[in-house]
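Architecture and fold: a report
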Amino acid sequence: MMQRTPLVRVIKIICLIALAVVGAVIPVASSWKSNVNPEAVAAAEIAYARGTELSASDSLAAAVKFRESADGFAVALAEAHGEGAALRFNHANSLLRAGDLGEAIAEYRAAALRAPNDTRIQTNLSEARGQVARSPGVATPTILQYICGVWDFATEQARWIATIALLWIGCAVLTLNTHWRSYGLTAFACALLLGTTVMLDVARRNSSAAAVFIDLAVIRKGNGEGFELTIAQPLPEGTECEVIESRLGWIQVELADGTRGWVDDQAIIRVN
Amino acid sequence: MLFAVVMSMLATSASTHAQTITVQCASQQAYVGEPVRVSVSIEDATAFEGPFIDAVDGLEITRLPGEQTSTRLEFINGRRSESRSVGIGYELIARRTGQFTIPAFTVTVGGKTLSTKPFLLNAVVSETGDLLIASITCEPSTMYVGQEGELNLEIAVKRYREEKLGITLDEGSLWSLIGRETSSWGAFGPALQKMLSENRRPRGESRIIGDTEYIVFTISKSFDPIAPGVPVVGDVRIRMDYPTKLARGNDLFFENRLSLAGSRPISVEATIAAVTVLSPPEGGRPAAWNGAVGSFTIEAIAKPVDVAVGDPITVTIRLTDESTTAGLAGLQAPVIADLPGFLENFRVPREAASGTIDGRSKVFTQSIRAASDSVRELPPISFVFFNPSSGGYETATTQPIAITVRPSAVAKLHSDEALGITTEPGENFTKVEGGLLANASTAECAEINTVNMQLIASTALLPLGIAALPFVIARVRRSREARELRTRVARQTFLQELSGIETPDPSVVERAFLHYISARTHSDRDGFTRKDAFDRLSECSVDASLLANCDDFLRQCERVRYAGGAVDIDAVRALVDLLEVATAKTKAAAA
């Protein structure tokens, strides 16, 4: 059997590094390059500050400024493809102070999906929930939500970088030196664990069925105006629910107390 | 009404098209102040004007809203006839005693006037006397604005006993005689409605008033006065049909069934007992008093107590009412910004926080932020309230809470530099707006800490693929080596398969020969046929004569298998030797 020369090994290492750069670093760098428009964020922040100043003296003018701020953050969010927990948090603050309670709660929850352990988000979400006129309560967090909170000590991005790094280490070890096979497999196992946490986070975000009422709305026993009301009183803006089923113009929702009913799809906003 | 006398007066209609007007009155006798229903029916008139009726002194005539229309179809001896009827209701209320002549109701149909006959109505006074008493009481009877109490509507109905039958009506029967629809319940309407919707009713309890036994029904509602004076309860008038006679009757299913043989309507307006709502005194009223009335204790918790400058500290204030009469719904937290020591050292919201009620406590939560690292404690929080028991203003105060504040970068928002706003790395915004924690910095906003499936796929597949490559290569190599070994030992395997066979079985020889050819031509041995052998050997460029010999030998094996006979073992061995050389040459040429 032909002996592997040091030259062959060096060529292999160079090839591996080149592949790592092409295959991992470039996509990661291009993906995580911030799409957030700093000018839009700064303008929204200034409008928010103006609104805050005006809120003590002229609530009407303050509301206009908060609306302007919310619109600015919405533009920045659209450019960032809806990602960014901090951006969503600021957007929610502007919405809440502009009077859009339902949309604000939905936005806080979307921010919390991206940063489950951020106490600022939880605090302001509680504040917003406290403003809901008659809330049937908030659904108990799922097991997946509890579990996801465990590994949120590091951001999703940091965990994925570590996953990729471990994968390349394992790959290099297995390719270059067959005697270190156990180390390579260990690196792969660690990468698998970390990668699973990231995948679960992504799955939790993508499978969210949460929704919030953005207007006073009634829920009915069927998907039509002719069906009788499930609850006699209309539910207030900010009521949180889970989406069960969607049909043309109507969405079946379940409230925190287990009550199910159909609501006009224009009256709620999905959390995602 | 069971005892009602139904009176019917046919109209003096003179219609040529059988158009008629009739009037029906529920009773010839009425009680002053109590309504009597009158129904006017117009037959076979598609369009009409009216009905009209002249006013009567001392009698209030009110047309009830809506009309009842009915159509009747009849087929008699094949002839179809149709009649249409319109019913209109009236309510007559006598305002004095005496005999009233109810004038004719008239309608105009197609230019003709139809009218009913006048009829008499006798109005007498229905003496309520001591049969029904309604009163409103308050618990407590003296209270302050800001306290919570209870208003009770007590309806006392004199217990009825039919001496002739020896029967006393129970409280359930008496409640059923109270007109829930005809009575005015004022502020107690929602409370009663709620009870009825839950299939409940006020329980009647026996009470002696004077020397008489009454059944008292009580309807309660919470009372949260917002202004001093007498509580406003609206129009509360109770109406009922008080029994005058009971009877036993037989019907198809129930023998000796007890029924109401006579009753008379009575009504009474509820009187409000002495209830005083006071306003806390203005003298000695502290500026920090925000309307709280009761006897309160205050408790404050700060969390966390070890923070950096600008970090949020959640302050939870719990106000507990010891008096059990304080109105907690409208209770407001002390405004922290107005308390000494807070505005200088902390950034605090100006607005009072909204609280949640927990038993007899109300819990408020606010976020504040230390303005500098020199802050060492959370100052005492004072809460001023008016105590009705002592009749004076009192203050409850918490103890100061020790906190540790570490230095931190300070945020600056250069709002004048429009769009030029920048944030330093690591900077934290520290403003608190209302009860909300402030916005994240622009630097934080620029961070995207999430990944998506596209990124996961694009970054993970390549290293996984490369890591899997050695395993794939090794597998391919192992497979190739096994095939080469099989080729090398093909002849040996062939000989082994034929060894120990004394009488050569054609099928065994044929199978061994095919196995040999498949091994030498790198083909799968399973399902390898004579045709496959011919094709593979052709592909290996084996000499045509040898190819023909091999094919002939296999054909002979097939024939012998069915027709019987023997095959030549030596011949096949010779063929194998020749094929060994021929395929080796081919392999060498290919190499």
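Residues numbered from 1 in each chain as written. Chains lettered and ligands numbered in written order. Predicted model: local features only at pLDDT ≥ 70, side-chain atom pairs only at ≥ 80, totals over all residues. Heavy atoms only, no water.

A look at the nonpolar core
To keep it simple, the criterion reads: Nonpolar cores are built from buried Ala, Val, Leu, Ile, Met, Phe, Trp, Tyr and Cys residues. Side-chain atoms within 4.5 Å join them into one set. For each residue, the accessible area found with a 1.4 Å probe, counting protein chains only, is set against the maximum for its type, and the residue is called buried under 20%, exposed over 50%, and partly exposed in between. Each helix is a run of H or I in the DSSP string that is no shorter than four residues. Each strand is a run of E no shorter than two, and both are numbered from the N terminus. Domain start and stop points were drawn from an automatic or database domain assignment. By the convention used here, residues are in contact when the closest approach between their heavy atoms is within 4.5 Å.
Ranked by size, the top nonpolar core spans 41 residues in total, and within it A:V41, A:L87, A:L96, A:I105, A:Y108 and A:V271 carry the most contacts. Secondary structure elements with two or more residues in this core: α2 (38-55), α3 (59-79), α4 (85-98), α5 (101-114), α6 (119-129) and β1 (210-213) of chain A. In terms of residue count, the dominant contributor to this core is α5(A) (nine residues). Inspection of this core shows a minimum of three residues originating in each of domain 1 (13-136) and domain 3 (209-272) of chain A. Among residues more than four places away in sequence, those in contact with A:L87 are A:V36, A:V41, A:F73, A:A76, A:L77, A:A80 and B:C445. One finds B:L132, B:L151, B:I155 and B:W175 within the second-largest nonpolar core, a separate group that totals 36 residues.

A word on the sheet that holds β1(A)
Residue and element names in this part refer to chain A. Defined as follows: At least two DSSP bridges between two strands are needed for those strands to be called paired. Inter-axis angles, ranging from 0 to 180 degrees, are taken between N-to-C directions of lines fitted to C-alpha atoms, where helices are fitted over the stretch in contact.
On the basis of which strands lie adjacent, the open sheet formed by five strands has the order β4-β3-β2-β1-β5 and antiparallel pairing. Of all strands in the sheet, those with a lone pairing partner are β4 (260-264) and β5 (268-270), marking the two edges. Sheet twist, expressed as the average angle between the axes of neighbouring strands with direction ignored, equals 45 degrees. In this structure, β1 lies alongside strand β2 (residues 240-247), joined through three bridges in antiparallel fashion. Bridge pairing in β2 links A210 to E242. Strands β1, β2 and β5 of the sheet are contacted by α5, whose axis makes an angle of about 160 degrees with β1.

Notes on the environment of B:I155
Residue and element names in this part refer to chain B. Within the fold, I155 resides in strand β15 (residues 149-158). Residue I155 is classed as buried on the basis of its relative accessible area of 0%. Separated by 60 residues in the primary sequence, I155 and I215 have C-alpha atoms spaced 8.0 Å apart.

Overview of the sheet that holds strand β10 (residues 106-109) of chain B
Sheet strands pair via backbone hydrogen bonds, and the direction of the pair is either parallel or antiparallel. Residue and element names in this part refer to chain B. Strand order across the open sheet formed by three strands is β5-β10-β11, with antiparallel pairing between neighbours. What marks the edges here is a single partner per strand, and that holds for β5 (49-52) and β11 (112-115). Each neighbouring strand pair of the sheet contributes to a mean axis angle of 20 degrees, computed without reference to strand direction. For β5 and β10, the ladder comprises two bridges, and the chain directions are antiparallel. Looking at the pairing, F52 lines up with T106 of β10.

Examining a nonpolar patch on the surface
The test is simple: A patch consists of residues exposed above 30% relative accessible area that lack any salt bridge, with like charges linked at up to 9 Å and nonpolar side chains (Val, Leu, Ile, Met, Phe, Trp, Tyr) linked at up to 5 Å. Only the protein chains shown count as cover for residues, and the accessible areas themselves come from Shrake-Rupley with a 1.4 Å probe. We define a salt bridge as a side-chain nitrogen of Lys or Arg found within 4 Å of a carboxyl oxygen belonging to Asp or Glu.
Taken together, the side chains of A:I143, A:Y146 and A:I147 define a hydrophobic patch exposed on the protein surface, amounting to about 340 Å² of accessible area. Position of A:Y146 among the secondary structure elements: in helix α7 (residues 143-150).

Notes on the side chain of B:Q19
We count it as follows: Here a polar contact is recorded for every N or O atom pair within 3.5 Å, except that within protein the pair must consist of a potential hydrogen donor and a potential acceptor, and residues adjacent in sequence are included only if both atoms are side-chain atoms.
Structurally, B:Q19 can be placed in the loop between β1 (7-9) and β2 (20-25). Looking at B:Q19, its side chain comes within polar contact range of the main-chain oxygen of B:D44, at 3.3 Å.

Thoughts on the packing of aromatic side chains
Residues and elements named next belong to chain B. To keep it simple, the criterion reads: Two rings from Phe, Tyr or Trp (for Trp, the six-membered ring) form a pair when their centres are within 6.5 Å of each other. A pair whose planes differ by under 30 degrees is stacked, one over 60 is edge-to-face, and the rest are tilted.
Tallying each qualifying case throughout the model produces 15 aromatic pairs over all chains. On the basis of an interplanar angle of 75 degrees and a centroid distance of 5.5 Å, the ring pair of W289 and Y393 is categorised as edge-to-face. Here W289, found in the loop between β24 (276-278) and β25 (296-303), pairs with Y393, found in strand β33 (residues 392-397); they are 104 residues apart in sequence, far enough to count as distant. For Y393, a relative accessible area of 16% gives the class buried.

Here's the deal with the pairing of strand β20 (residues 212-223) of chain B
Residues and elements named next belong to chain B. Sheet topology places β15 next to β20; ten bridges connect them, and they run antiparallel. Counted as the bridge partner of L151 is K221 from β20. The pairing of strand β19 (residues 204-209) with β20 spans six bridges and is antiparallel. Counted as the bridge partner of G204 is F217 from β20. As consecutive antiparallel partners, β19 and β20 are separated by two residues, and within that stretch G210 has a phi angle of approximately 70 degrees, a positive value.

Examining the confidence of the model for chain B
All names here are of chain B. Here is the rule: A residue's pLDDT is simply how confident the predictor is in it, with values from 0 to 100.
Confidence along chain B averages 81 in pLDDT terms, with 88% of residues attaining 70 or more. Between the elements of chain B, mean pLDDT differs from a low of 41, seen in β1, to a high of 92, seen in strand β34 (residues 401-402). In this model, residues 1-17 is a region of pLDDT below 50 whose contacts with residues beyond four sequence positions or in other chains number 36 contacts. Segment residues 409-434: pLDDT under 50, and 56 contacts once partners within four positions in sequence are set aside and those in other chains are kept.

A few points about the pairing of strand β12 (residues 119-124) of chain B
All names here are of chain B. Burial along β12 is one-sided: the face carrying F119, L121 and A123 is buried and the face carrying L120, N122 and V124 is not. Examined bridge by bridge, strand β9 (residues 98-102) and β12 share five bridges and lie antiparallel to one another. Bridge assignment links F100 to a residue of β12, and that residue is L121.

Structural notes on the packing of helix α8 (residues 156-176) of chain A against helix α5 (residues 453-488) of chain B
In helix packing, the relevant descriptors are the interaxial angle and the interaxial distance, both defined with respect to the helix axes. Test applied: Each angle is binned into one of four classes, with values under 35 degrees roughly parallel, values over 145 roughly antiparallel, values of 65 to 115 roughly perpendicular, and all other values oblique. Left-handed describes a crossing whose near helix is turned anticlockwise from the far helix through less than a right angle; right-handed describes the clockwise counterpart. In the scheme used here, Gly and all other residues not listed as nonpolar or charged are polar, with Ala, Val, Leu, Ile, Met, Phe, Trp, Tyr, Cys and Pro taken as nonpolar and Asp, Glu, Lys and Arg as charged.
Running from amino to carboxyl end, α8(A) crosses α5(B) at an angle of 15 degrees, the nearest separation of the two axes being 9 Å. It follows from the interaxial angle that α8(A) and α5(B) lie roughly parallel. Here α8(A) runs over α5(B); the crossing is left-handed. Across from A:W160, A:I164, A:L167, A:W168, A:C171, A:L174 and A:T175 in α8(A), the residues of α5(B) making contact are B:L455, B:I456, B:T459, B:A460, B:L462, B:P463, B:L464, B:I466, B:A467 and B:F471. Residue composition of the contact of α8(A) with α5(B), by class: 15 nonpolar, two polar and no charged.

Let's talk about the pattern of salt bridges
This model, assessed by the stated rule, comprises 42 salt bridges over all chains. Between A:E68 and A:K65 there is a salt bridge, with its nearest N and O atoms 3.4 Å apart. Of this pair, A:E68 and A:K65 both sit in helix α3, separated by three residues, roughly a single helical turn. For B:E154, the salt bridge is made with B:R207, and the minimal N-O distance between the two is 3.3 Å. Note that B:E154 is positioned in strand β15 and B:R207 in strand β19, a separation of 53 residues in sequence. We classify B:R207 as partly exposed; its relative accessible area is 27%. Several salt bridges converge on common partners, so that one network encompasses B:R530, B:D551, B:R555 and B:E558.

Side note on helix α9 (residues 544-563) of chain B
For the record, the criterion: In a helix, the anticipated span is given by 1.5 Å times the number of residues less one.
For α9(B), which comprises 20 residues, the first-to-last C-alpha distance of 28 Å matches the rise-based estimate of 28 Å (1.5 Å per residue) to within 8%. Of all the residues in α9(B), the buried ones are B:L546, B:L547, B:C550, B:D551, B:F553, B:L554, B:C557 and B:V560.

Here's the deal with unusual backbone geometry
In this chain, B:G50 is followed by B:P51 through a cis amide linkage whose omega measures 0 degrees. Tracing the backbone through its elements, the reader meets B:P51 in strand β5. Along the chain, B:K303 connects to B:P304 via a cis peptide bond; the corresponding omega equals -5 degrees. Its identity is not glycine, yet A:H81 carries a phi of approximately 55 degrees, on the positive side. Mapped onto the fold, A:H81 is located in the loop between α3 and α4. Under the relative-accessibility criterion, A:H81 is labelled exposed at 62%. Phi at B:H522 is positive, roughly 55 degrees, even though this residue is not glycine. Mapping B:H522 onto the fold places it in the loop between α7 (506-520) and α8 (530-539).

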